[in-house]
2 protein chains.
Amino acid sequence: MKALQDKILADGIVLSDTVLKVDTFLNHQMDPVLMKEIGEEFAARFGKEGITKILTIESSGIAPAIMTALKLNVEMVFARKRKSLTLQDGLITSKVYSFTKKEENEISVADKFIKEDDCVLIIDDFLANGQAALGLIDIVTKAGAKVGGVGIVIEKSFQNGAKLVRDTGIKVESLARIHSLENGTVTFVEDQIMVEV
Amino acid sequence: MKALQDKILADGIVLSDTVLKVDTFLNHQMDPVLMKEIGEEFAARFGKEGITKILTIESSGIAPAIMTALKLNVEMVFARKRKSLTLQDGLITSKVYSFTKKEENEISVADKFIKEDDCVLIIDDFLANGQAALGLIDIVTKAGAKVGGVGIVIEKSFQNGAKLVRDTGIKVESLARIHSLENGTVTFVEDQIMVEV
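Predicted model, so just to flag it, every value in this text is computed and none were measured.

Some remarks on the overall build of chain A
Link 1 in the chain: Along the backbone of chain A there are 6 helices and 11 strands.
Link 2 in the chain: Over its C-alpha atoms chain A spans a radius of gyration of 16 Å, differing by no more than 12% from the 16 Å that the globule rule assigns to 197 residues.
Link 3 in the chain: Overall, the C-alpha framework of chain A stretches about 50 × 35 × 30 Å when taken along its three principal axes.
Link 4 in the chain: Contacts in chain A between residues at least 24 apart in sequence constitute 61% of all its contacts with a sequence separation of at least 6.
Link 5 in the chain: By element, 49% of the accessible surface of chain A is carried by carbon and sulfur atoms, the whole surface being about 8,800 Å².

Listed below in structure tokens is the structure:
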């Protein structure tokens, strides 16, 4: 997605070979026009999958997810994230390990919001090690529903999450795919292919 | 706001004299069309205040805030909420006590996102005891910026937050104002006034 790539190049800050800071437009401050375009792009890419619900995880997934939900005219649910969760009735939970924070969180969704006949589109801001996406897929599976796809704003293709999720056979669409952050420079997968050709 | 009141009456669940559950459309599952209408309503009510930025707090404030930001064509920032925060440079913080969870959280915003010449509209899903709203006002004040207003989706007018925030002289607009949840019934402020007349 060109507008997103341009924004990453203009405003993203490469903090290390693995960390890209995009807090000016995606995960702290948010650009609403870009969020709307992202929602429209996801809706276009998953428009034929029969999506009945959007699932994301708090907090940075919410804005792209609500914009996608608006365009697809379906409701959106966000999973809650907590270090430890007291046992509660009516919750579907999954454990998600955060490599960044080096801690395990439990994520949860009220079971009344995902039904067996749902076809769920999972949306998240980043795909790195894939733990959040796999946790959300686990929740949809436990609900007996179908995962209609996974939509990611920024995929760090050099980490193993993208492969892990694609290996499940689920359709993954990432709006920006980063091949490398080496030498303080963002290289997208498409650019890399062009170079190789 | 009629559509919101109708939704509260149709889908809200009164759990006690003080607790209204609206997780089917506002703070767990979200209705994107209603969120868009809420954003348009806030934009209409604060359109003449010279708003340059929207500030909310994760997680349930994000969807109404991004829709308001889209309509007003300004960027949105959400404050992060943590039990304890390691001291970090570049953050403006405030302490917020949660009466529901009986714990104090620190909320924070990167200082680069609120500047002295900003006129900030604060958006949140609920106004009950007012602690979150007052914490967000504190952050804007510490940044040296102006609070252009506070927009609340659901105000529980029988708790003291609405008065606390209005007493600061800041313009507060709540799209649904709940007078009482007694006897398992939602009574709006407007209905109450009609009864008294």
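A closer look at the confidence of the model for chain A
Link 1 in the chain: Averaged over all residues, the pLDDT of chain A is 94; the fraction at 70 or higher stands at 95%.
Link 2 in the chain: This prediction of the complex comes with two scores: 0.96 for pTM and 0.95 for ipTM.

Description of the relation of the copies chain B and chain A
Link 1 in the chain: Rotating chain B by 180° and translating it 0.0 Å along the rotation axis places it on chain A, where the RMSD comes to 0.0 Å. Here the transformation between the copies is reduced to the relation of a two-fold axis.
Link 2 in the chain: In this assembly, 100% of the residues forming the interface of chain B have copies in chain A that are likewise at the interface, indicating an isologous arrangement.

A short note on the pairing of strand β5 (residues 75-82) of chain A
Link 1 in the chain: Of the pairings in the sheet, the one linking strand β4 (residues 53-57) of chain A to β5(A) comprises 5 bridges and is parallel in character. Looking at the pairing, A:Leu55 lines up with A:Val77 of β5(A).
Link 2 in the chain: With respect to chirality, the unit in which β4(A) leads through helix α3 (residues 62-72) of chain A into the neighbouring parallel β5(A) is right-handed.
Link 3 in the chain: Bridge count between β5(A) and strand β3 (residues 29-30) of chain B: 2 bridges; the pairing is antiparallel. Residue pairing across strands places A:Met76 opposite B:Met30, the latter belonging to β3(B).
Link 4 in the chain: Bridging between β5(A) and strand β7 (residues 103-110) of chain A involves 3 bridges; their strand directions are antiparallel. Bridging across to β7(A), A:Lys81 finds its partner in A:Ile107.

Remarks on helix α4 (residues 131-142) of chain A
Link 1 in the chain: Its 12 residues give α4(A) an end-to-end C-alpha distance of 16 Å, which sits within 8% of 16 Å, the value for a rise of 1.5 Å per residue.
Link 2 in the chain: Just past α4(A), the residue A:Gly144 takes up positive phi, approximately 80°.

Here we look at the interface of chain B and chain A
Link 1 in the chain: Counting residues at the interface gives 34 residues for chain B and 34 residues for chain A.
Link 2 in the chain: Taking both partners together, chain B and chain A bury about 2,800 Å²; carbon and sulfur atoms supply 62% of that area.
Link 3 in the chain: Seen at the junction of chain B and chain A, the total is 2 salt bridges.
Link 4 in the chain: Of the charged contacts in the structure, one is a salt bridge between A:Asp23 and B:Lys112, with a shortest N-O distance of 3.2 Å.
Link 5 in the chain: Seen at the junction of chain B and chain A, the total is 17 residue pairs in polar contact (both at pLDDT 80 or more).
Link 6 in the chain: Among the elements that take part in the side of chain B that touches chain A, helix α3 (residues 62-72) of chain B stands out by supplying 6 residues, more than any other.
Link 7 in the chain: Here the residues of the side of chain B that touches chain A sort into 17 nonpolar, 8 polar and 9 charged.

Remarks on the pattern of salt bridges
All names here are of chain A.
Link 1 in the chain: Throughout the structure, instances matching the rule amount to 28 salt bridges over all chains.
Link 2 in the chain: A salt bridge links Glu155 to Arg166; the nearest nitrogen and oxygen atoms lie 3.0 Å apart. Linking Glu155 in strand β9 (residues 146-156) with Arg166 in helix α5 (residues 161-166), this pair joins segments that are 11 residues apart in sequence.
Link 3 in the chain: Here Glu155 falls in the buried class, since its relative accessible area comes to 0%.
Link 4 in the chain: Taken together, the shared-partner salt bridges in this structure form one network comprising Lys7, Asp11 and Asp31.

As for α3(B)
Residues and elements named next belong to chain B.
Link 1 in the chain: With 8 of its 11 residues buried, α3 lies for the most part within the structure.
Link 2 in the chain: The complete set of buried residues in α3 reads Ile62, Ala63, Pro64, Ala65, Ile66, Met67, Thr68 and Ala69.
Link 3 in the chain: After α3 finishes, the residue Asn73 shows a positive phi value of roughly 55°.

Some remarks on unusual backbone geometry
Link 1 in the chain: Note that the residue after A:Glu58, namely A:Ser59, is joined by a cis bond; omega there is 0°.
Link 2 in the chain: Phi is positive for B:Asn73, close to 55°, though the residue is something other than glycine.
Link 3 in the chain: Tracing the backbone through its elements, the reader meets B:Asn73 in the loop between α3 and β5 (75-82).
Link 4 in the chain: Judged by relative accessible area, which is 59%, B:Asn73 ranks as exposed.
Link 5 in the chain: Although it is not a glycine, B:Asn183 adopts a positive phi angle of roughly 60°.
Link 6 in the chain: Within the secondary structure, B:Asn183 sits in the loop between β10 (172-180) and β11 (187-188).
Link 7 in the chain: Judged by relative accessible area, B:Asn183 falls into the exposed class, the value being 74%.

A closer look at the packing of aromatic side chains
The description of an aromatic ring pair rests on the distance of the ring centres and on the angle between the ring planes.
Link 1 in the chain: Under the definition given, this model contains 2 aromatic pairs over all chains.
Link 2 in the chain: With a centroid separation of 5.1 Å and an interplanar angle of 90°, the aromatic rings of A:Tyr97 and A:Phe99 are classed as edge-to-face.
Link 3 in the chain: Just above the ring of B:Phe46 sits the side chain of B:Lys171; from NZ or CZ to the centre is 5.1 Å.

Topic: the packing of α3(A) against helix α2 (residues 32-46) of chain B
Link 1 in the chain: As a packed pair, α3(A) and α2(B) sit with axes 8 Å apart at the nearest point and diverge in direction by 110°. The angle between α3(A) and α2(B) places the two elements in the roughly perpendicular class. Of α2(B), the residues touching α3(A) (which contributes A:Ile66, A:Ala69 and A:Leu70) are B:Pro32, B:Val33, B:Met35 and B:Lys36.
Link 2 in the chain: Among the residues forming the contact of α3(A) with α2(B), the class breakdown is 6 nonpolar, no polar and 1 charged.

Considering the nonpolar core
Link 1 in the chain: Judged by nonpolar contacts, the single largest core of 72 residues is most densely connected at A:Leu4 and B:Leu4.
Link 2 in the chain: Excluding anything up to four places from it in sequence, A:Leu4 contacts A:Phe25, A:Leu34, A:Ile38, A:Val153, A:Leu175 and A:Ala176.

Calculation criteria
- Residues numbered from 1 in each chain as written.
- Chains lettered and ligands numbered in written order.
- Predicted model: local features only at pLDDT ≥ 70, side-chain atom pairs only at ≥ 80, totals over all residues.
- Heavy atoms only, no water.
- Helix = DSSP H or I, 4+ residues; strand = E, 2+ residues; numbered from the N terminus.
- Rg over C-alpha atoms; globule rule 2.2 N^0.38 Å.
- Contact = heavy atoms within 4.5 Å.
- Areas by Shrake-Rupley, 256 points an atom, 1.4 Å probe, with all protein chains shown as cover.
- pLDDT = per-residue confidence, 0-100.
- Least-squares fit on C-alpha atoms with pLDDT ≥ 70 in both.
- Pairing = 2+ DSSP bridges.
- Right-handed = clockwise from strand over helix to strand, strands pointing away.
- Expected span 1.5 Å × (residues − 1).
- Buried area = accessible area lost by both parts, 1.4 Å probe.
- Salt bridge = Lys/Arg side-chain N within 4 Å of Asp/Glu carboxyl O.
- Polar contact = N/O pair within 3.5 Å; in protein donor to acceptor, adjacent residues only side chain to side chain.
- Nonpolar A, V, L, I, M, F, W, Y, C, P; charged D, E, K, R; others polar.
- Buried < 20%, exposed > 50% of the residue type's maximum accessible area, 1.4 Å probe, protein only.
- Phe/Tyr/Trp six-rings, centres within 6.5 Å; stacked < 30°, edge-to-face > 60°.
- Lys NZ or Arg CZ within 6 Å of the ring centre and 35° of its normal.
- Axes fitted to C-alpha atoms, helices over the stretch in contact; angles between N-to-C directions.
- Parallel < 35°, antiparallel > 145°, perpendicular 65-115°, else oblique.
- Core = buried A, V, L, I, M, F, W, Y, C linked by side-chain atoms within 4.5 Å.

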